[in-house]
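Descriptive analysis of the structure
Each chain is listed here by its residues.
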Amino acid sequence: MAKMEAKTSLLDNMIGVGDMVLLEPLNEDTFINNLKKRFDHNEIYTYIGSVVISLNPYRSLPIYSPEKVEEYRNRNFYELSPHIFALSDEAYRSLRDQDKDQCILITGESGAGKTEASKLVMSYVAAVCGKGAEVNQVKEQLLQSNPVLEAFGNAKTVKNDNSSRFGKYMDIEFDFKGDPLGGVISNYLLEKSRVVKQPRGERNFHIFYQILSGGSEDLLCKLKLERDFSRYNYLGLDSARVNGVDDAANFRTVRNAMQIVGFMDHETQSVFEVVAAVLKLGNIEFKPESRVNGLDESKIKDKNELKEICELTGIDQSVLERAFSFRTVEAKQEKVSTTLNVAQAYYARDALAKNLYSRLFSWLVTRINESIKAQTKVRKKVMGVLDIYGFEIFEDGENSFEQFIINYCNEKLQQIFIELTLKEEQEEYIREGIEWTHIEYFNNAIICDLIENNQTGILAMLDEECLRPGTVTDDTFLEKLNQICATHQHFESRMSKCSRFLNDTSLPHCCFRIQHYAGKVMYQVEGFVDKNNDLLYRDLSQAMWKANHSLIKDLFPEGNPAKINLKRPPTAGSQFKASVATLMKNLQTKNPNYIRCIKPNDKKAAHIFNDALVCHQVRYLGLLENVRVRRAGYAFRQPYEPCLERYKMLCKQTWPHWGGPARDGVEVLFNDLEIPEEEYSFGRSKIFIRNPRTLFKLEDLRKQRLEDLATLIQKIYRGWKCRTHFLLMKKSQIVIASWYRRYAQQKKYQKIKSSAIIVQSYIRGWKARKLLRELKHQKRCNKAVTTIAAYWHGTQVRREYRKFFRANAGRKISEFILQKIIQKYFLEMKNKMPSLSPVDKNWPARPYLFLDSTHNELKRIFHLWRCKKYRDQFTDQQKLVYEEKLEASELFKDKKALYPASVGQPFQGAYLEISKNPKYKKLKDAVDEKIIIAEVVNKINRANGKATSRIFLLTNSNVLLADQKSGNIKSEVPLGDVTKVSMSSQNDGFFAVHLKEGSGAAGKGDFLFSSDHLIEMATKLYRTTLTQTKQKLNIEISDEFLVQFRQDKVCVKFIQGNQRNGNVPTCKRKNNRLLEVAVP
Ligand SMILES: Nc1ncnc2c1ncn2[C@@H]1O[C@H](COP(=O)(O)OP(=O)(O)OP(=O)(O)O)[C@@H](O)[C@H]1O
Ligand SMILES: [Mg+2]
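These lines cover the structure that appears in this document, whether it is placed above or below. Please read these numbers as outputs of a predicted model, since none were measured by experiment.

Another aspect to go through is the overall build of the protein. Within the protein one finds 33 helices and 31 strands. The C-alpha radius of gyration computed for the protein amounts to 78 Å, which surpasses the reference 31 Å derived for 1080 residues by more than 25%, pointing to a less compact arrangement than a globule. Its C-alpha atoms put the protein at 215 × 115 × 55 Å along the principal axes. Scored against the burial criterion, the 1080 residues of the protein give a buried share of 47%. Put simply, 64% of the contacts in the protein that link residues at least 6 apart link residues at least 24 apart. Of the roughly 57000 Å² of accessible surface on the protein, a fraction of 53% belongs to carbon and sulfur atoms. Counting 166 positive and 132 negative side-chain charges, the protein places the centres of these two groups 22 Å from one another.

The structure is reproduced here in structure tokens:
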């Protein structure tokens, strides 16, 4: 689609005319002007039909970018503006798609841009053909062969800074897919004379300068070279450097290219060694040396260079030296050695240099071919690219054998161009029976014949001269020419028969002139014989063969004495003729594509268009004739069958099948398309279309129709696809719908069913409830009736029987029953009474609830009664004891820790039986009252807390203290003077008896005792004091209390927890104010 939109035509935005066929009017001026106009607008390419004219722009134009490649890729030849890529694309596609081998013939004079064009074609094909690692390597090798061959085979000439000094034909081979497989290069006649001598303003082959400029010091040292052009005689000095050419950089490119192409390091090294050897050969100089027998002899001036060459090439120095001094001629088992004079020695030296170099060049081509040759044996499609040296004329008459050969080759190419385009075209019209007006054109076959005719041709005569015994010189050759060719209209010389030439002073005696198709060229006859002979003395080739250098040895196989061949090798001329003939044959089998290069000026400058120069080239290239033939004839022809096959879709009758003969089909087709009759003709087997535009129109229609057909196919396919899809969807839809409907109905039914059940249940419920209500009502009615009836009956009965009952019989009965129950209760209680012990807690359970309070009251009364009974048993003595105990309990219970232990102890009072112990008679006598307590206590010493035993007596009115041993009364305190008793709350027997201040007994202060019966003593003291004084004795229970000792008050403090003296509490005076009692 995008392509269609971007579609352009040759006719779009055309500057001048893109195709000369369309030029109006057609003459030389308009032709040149058209070229000029286009050239001025950077349009360097112009077509003549399918031939591309290319003008050298002498500057880089932005028209070879990858984008341009894409633009021209797969496009119709006339679709875009003229370009070398269009031709390359056309050639490549018809090779790939139509299986036609192609050749691209690039012609033009030196500097016209042939080599550049060939590289552009190759790079375009490389860009558009297949991709992949292997293919890319092949492409790379093919492309990289160019820099290598250019370095060794190109040189700067006055016409071109990078002039190809050899002819090159390269076959690129492709597989059936159009992927490159490899290639074969053929080279033609290297201009080897350049090795030893270059015309003014020209250089030797590039490689010499490249090595010297770009070789590393190491390489130069190995090659025994110096980085100085002036050191080498073979390097013309006047133009050693070329503007805009970097020899050093090019050398790196060449080395890199050699590596890519597949040269081994040692091979590259050998090649450079040979180049160095050639360069150094030029420096060998000879000097004459006269011999006695009068023969001239030469001698090498300075053997140093020779020595180095021999070291470099592994040749025995003496062998080479001899080869430069002698010449051995072998004839019929006879060997004759003659000495070489100085001139001959120089000749031998130069011949060796030229041969070495030219053979090296051929070896390089063979070596490259080895690398790039296709690896498979499958059938290959071939595209040949011919870049052969252009027609060459040196105006100063310096044209020599090489120019003669080069120009001969160009004649042959022109011939093939004429044959294939002009002649072939006209002949085809005749063959096909098309009406045809003959176009005059110059057929150069006559010139070819002048040169190559086997009997009378110049080359044949040159060979004859060379082989002829006797003295042969260039002059004898010219004489021969004068004899044989004198009448030929394209040959001129001073001696030719035609008298008008005799007066032609512009033609020197030693020259002859040939009127080539491209112009007249004057050749210097000097050197023809020599160059044709291409003589290398056998001694030299043998010396080379003996070299200890495998490459040099290979270059001179004829030097091998075992293979000595006395036959003369073929002459240079005949070799060239043969190879040109092979080339022509090869080209004739292929479909030709022409690129005709034109040089716009002689100055190698951009933007300059020299009309005269271009006009000259247009003339000799026969371009005008070319246009005329195209215009007079038909631009396009094709056999009927493929034509009908290609366009049959454009007409209803022929589409899709045409039953009749193809010719009729085409006729019907063209009539149907209303193509004007003058636009085409019917040949015997082909249709001829006059104008390219008609063809474009057909092509456009076809393209349009193809698109329509594609749309139709698409439409039908899409229709079919949609319909099948639709039917499938429809079928699926029905299945889905039926399933869905089933499901929906099922759901609906279930819903209706459940609703019906609900409605039913409501109705049934309602009905049931109604019935129930009715039944209940009925039942209640029945019950009410029964109740009413019962009451009614009751009333009736009571009314009837009232007269039989006493009025309050019911109350009486209930009272009676109550009485019976109470009676039974008491009777049962009598049997269930608990024991009389006041501590017995048992009490029988209550039988009736309503007797609860009675039962409890009974329990209380019983307990009180039983206690009274118990108390009634006590004697007076016991009563007293219990009173005391009770008193003790009230005083000390829960106050003093010692108390619980005292409960079980009976209070004895008189522990000490004074009356019975005679010791205490005096004491007994002194006390006349009743003794309540007699006991031994410990009196605590106030000073140190130590205890002293004392007898403690309590009588009804006094407290007495007496010595335990003697029984003497120590102190007597009336009970009225005792104010307070203090004791701790702890488990100890200490107590203080406080006395009333100012009383008689209080002189020494309060008493502090300790006793085992503290509770009993304190209780009895309390009771006695109460009875005696009617006052309650103050009993203070505290762990810290003050005791009056004489004047001082001492604090008695009880501390818990001293275990040191076992369970006995200890008393210690701590200071004046403190007495500490430690209680365990
Ligand atoms: N298409 C082009 N674009 C830019 N420069 C070009 C183009 N064609 C040729 N040239 C320039 O012209 C010079 C000569 O071109 P080229 O070497 O191709 O000539 P030739 O026809 O091969 O000459 P010869 O017969 O001497 O080998 C190139 O070195 C280059 O500078
Ligand atoms: Mg070239």
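Next up on the list: the side chain of S541. In this structure, S541 sits in helix α20 (residues 538-545). Those residues in contact with S541 that sit more than four places away from it in its chain are L536, F556, E558 and G559.

The subject of this paragraph is the coordination of the magnesium ion (ligand 2). Here the magnesium ion (ligand 2) is held by the protein donor atoms T115 (OG1) and S164 (OG), which lie 1.9 to 2.1 Å from it. Placement of T115 in helix α5 (residues 114-128) and of S164 in strand β5 (residues 163-164) is noted, with a sequence separation of 49 residues between them. The exposure class of T115 is buried, given its relative accessible area of 14%. On the basis of relative accessibility, which here comes to 10%, the residue S164 falls in the buried class.

Before going further, it helps to examine the sheet that holds strand β14 (residues 511-516). Within a sheet, each strand pairs with its neighbour through backbone hydrogen bonds, oriented either parallel or antiparallel. Pairing is antiparallel in the open sheet, where 3 strands are placed in the order β13-β14-β15. The open sheet has two edge strands, β13 (491-493) and β15 (519-524), and neither has a second partner. Strand-to-strand, the axes of this sheet are offset by a mean angle of 25 degrees, without reference to chain direction. Two elements, β14 and β15, share 6 bridges in a ladder whose sense is antiparallel. Within β15, the residue paired with F512 across the bridge is Y523.

It is worth spelling out the site of ligand 1 at this point. Lining the immediate surroundings of ligand 1 are 18 residues, of which N56, S110, K114, T115 and S163 lie closest. One of the backbone N or O atoms of S164 is found 2.7 Å from an oxygen atom in ligand 1. Elements with a minimum of two residues in the shell around ligand 1: α5 and β5. It is α5 that contributes the most residues to the shell around ligand 1, 3 residues altogether.

Let's shift gears to the nonpolar core. Residues F31, F152, L320, F324 and F512 are the most contacted members of the largest nonpolar core, which totals 186 residues. Among the elements that make up this core, the one with the highest residue count is helix α13 (residues 342-372) (15 residues). I932, L961, V993 and A1018 belong to the second-largest nonpolar core, a separate cluster that totals 32 residues.

Moving on, we get to the side chain of N482. For N482, the position within the fold is in helix α17 (residues 474-484). Under the relative-accessibility criterion, N482 is labelled buried at 9%. Here S493 takes part through its side chain, which lies 2.3 Å from a polar atom of the side chain of N482.

Parameters and conventions
Residues numbered from 1 in each chain as written. Chains lettered and ligands numbered in written order. Predicted model: local features only at pLDDT ≥ 70, side-chain atom pairs only at ≥ 80, totals over all residues. Heavy atoms only, no water. Helix = DSSP H or I, 4+ residues; strand = E, 2+ residues; numbered from the N terminus. Rg over C-alpha atoms; globule rule 2.2 N^0.38 Å. Buried < 20%, exposed > 50% of the residue type's maximum accessible area, 1.4 Å probe, protein only. Contact = heavy atoms within 4.5 Å. Areas by Shrake-Rupley, 256 points an atom, 1.4 Å probe, with all protein chains shown as cover. Lys, Arg positive; Asp, Glu negative; His and termini not counted. Charge placed at Lys NZ, Arg CZ, Asp CG, Glu CD. Donors = N, O, S within 2.8 Å, 3.2 Å for Na, K, Ca; no water. Pairing = 2+ DSSP bridges. Axes fitted to C-alpha atoms, helices over the stretch in contact; angles between N-to-C directions. Near = heavy atom within 4 Å. Polar contact = N/O pair within 3.5 Å; in protein donor to acceptor, adjacent residues only side chain to side chain. Core = buried A, V, L, I, M, F, W, Y, C linked by side-chain atoms within 4.5 Å.

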